[in-house]
Amino acid sequence: QVQLAESGGGSVQAGGSLKLSCEASSLNYNTNCMGWFRQAPGKEREGVASVTTGTNRTYYDDSVKDRISISLENAEKKLYLHMTNLKPDDTAQYYCATKPYCTVSLRTDPYNFWGQGTQVTVSP
């Protein structure tokens, strides 16, 4: 079973930056896609970004394309999410997850394993 652990969340002022990380216990053919998701109070969980481990192809939600960058360090089995110019609407619990392959759509249901999440709070 793949275990994922997020870290790097915290409280920041609007316009600030954060770097989230996710460490995987192991990676295999069923973890060829890794992604970041978030869920704010009263809202559905939504996809933020994903990356294919083999090709480094990335996908971003349109709402964060200009402010977020996803990256992967395969050797260390770590996934990162670099966030800049944070807004109060970015406040949410952020999760990393993995599945066999990525698609353009960032739906949550095909992902097999999930971390416990890390909280990001952005104040005005």
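The sections below set out a description of the structure shown in this document. (Residues numbered from 1 in each chain as written. Predicted model: local features only at pLDDT ≥ 70, side-chain atom pairs only at ≥ 80, totals over all residues. Heavy atoms only, no water.)

## Here we look at the pattern of salt bridges
Under the convention used in this document: When a carboxyl oxygen of Asp or Glu lies within 4 Å of a side-chain nitrogen of Lys or Arg, that pair is called a salt bridge. Each residue is placed in one exposure class: buried if its accessible area under a 1.4 Å probe, protein chains only, is under 20% of its type's maximum, exposed if it is over 50%, and partly exposed if it falls in between.
In total, this model carries four salt bridges according to the counting rule given. Measuring nitrogen to oxygen at the nearest pair gives 2.8 Å for the salt bridge that ties Glu-46 to Arg-38. Arg-38 gets classed as buried once you look at its relative accessible area, which sits at 7%. Ionic contacts of the salt-bridge type, sharing partners, join the residues Arg-38, Glu-46, Arg-67 and Asp-90 into one network.

## Describing the pairing of strand S7 (residues 68-73)
Short version of the rule: Secondary structure is summarised from DSSP: a helix means a run of H or I of at least four residues, a strand means a run of E of at least two, and numbering begins at the N terminus for each. One requirement defines pairing of two strands: DSSP has to find at least two bridges between them.
On S7, burial follows the alternation: Ile-68, Ile-70 and Leu-72 on one face are buried, whereas Ser-69, Ser-71 and Glu-73 on the facing-out side are not. Sheet topology places S7 next to strand S8 (residues 78-83); six bridges connect them, and they run antiparallel. In the strand pairing of S8, Ser-71 is matched with Tyr-80. Adjacent in sequence and paired antiparallel, S7 and S8 are bridged by four residues, among which Lys-77 carries a positive phi angle near 55°.

## Here's the deal with the packing of aromatic side chains
Defined as follows: Stacked, tilted and edge-to-face are the three classes applied to pairs of Phe, Tyr and Trp rings, where Trp contributes its six-membered ring and a pair requires centres within 6.5 Å; stacked means planes under 30 degrees apart, edge-to-face means over 60, and tilted covers the rest. As a reminder, the over-ring test applies to NZ of lysine and CZ of arginine, requiring each to be within 6 Å of the ring centre and within 35 degrees of the ring normal.
On inspection of all chains with the given rule, the structure shows four aromatic pairs. Plain terms: the ring middles of Phe-37 and Tyr-111 are 4.7 Å apart, the flat faces sit at 80° to each other, and that makes the pair edge-to-face. On the criterion of sequence distance, the pair formed by Phe-37 in strand S4 (residues 33-39) and Tyr-111 in the loop between strand S9 (92-99) and strand S10 (113-114) is long-range, its members being 74 residues apart. An aromatic cluster is present here, built from Phe-37, Tyr-95, Tyr-111 and Trp-114 joined pairwise through their rings. Just above the ring of Tyr-80 sits the side chain of Lys-19; from NZ or CZ to the centre is 4.5 Å. The ring centre of Tyr-95 lies 4.0 Å from the NZ or CZ of Arg-45, which sits over that ring.

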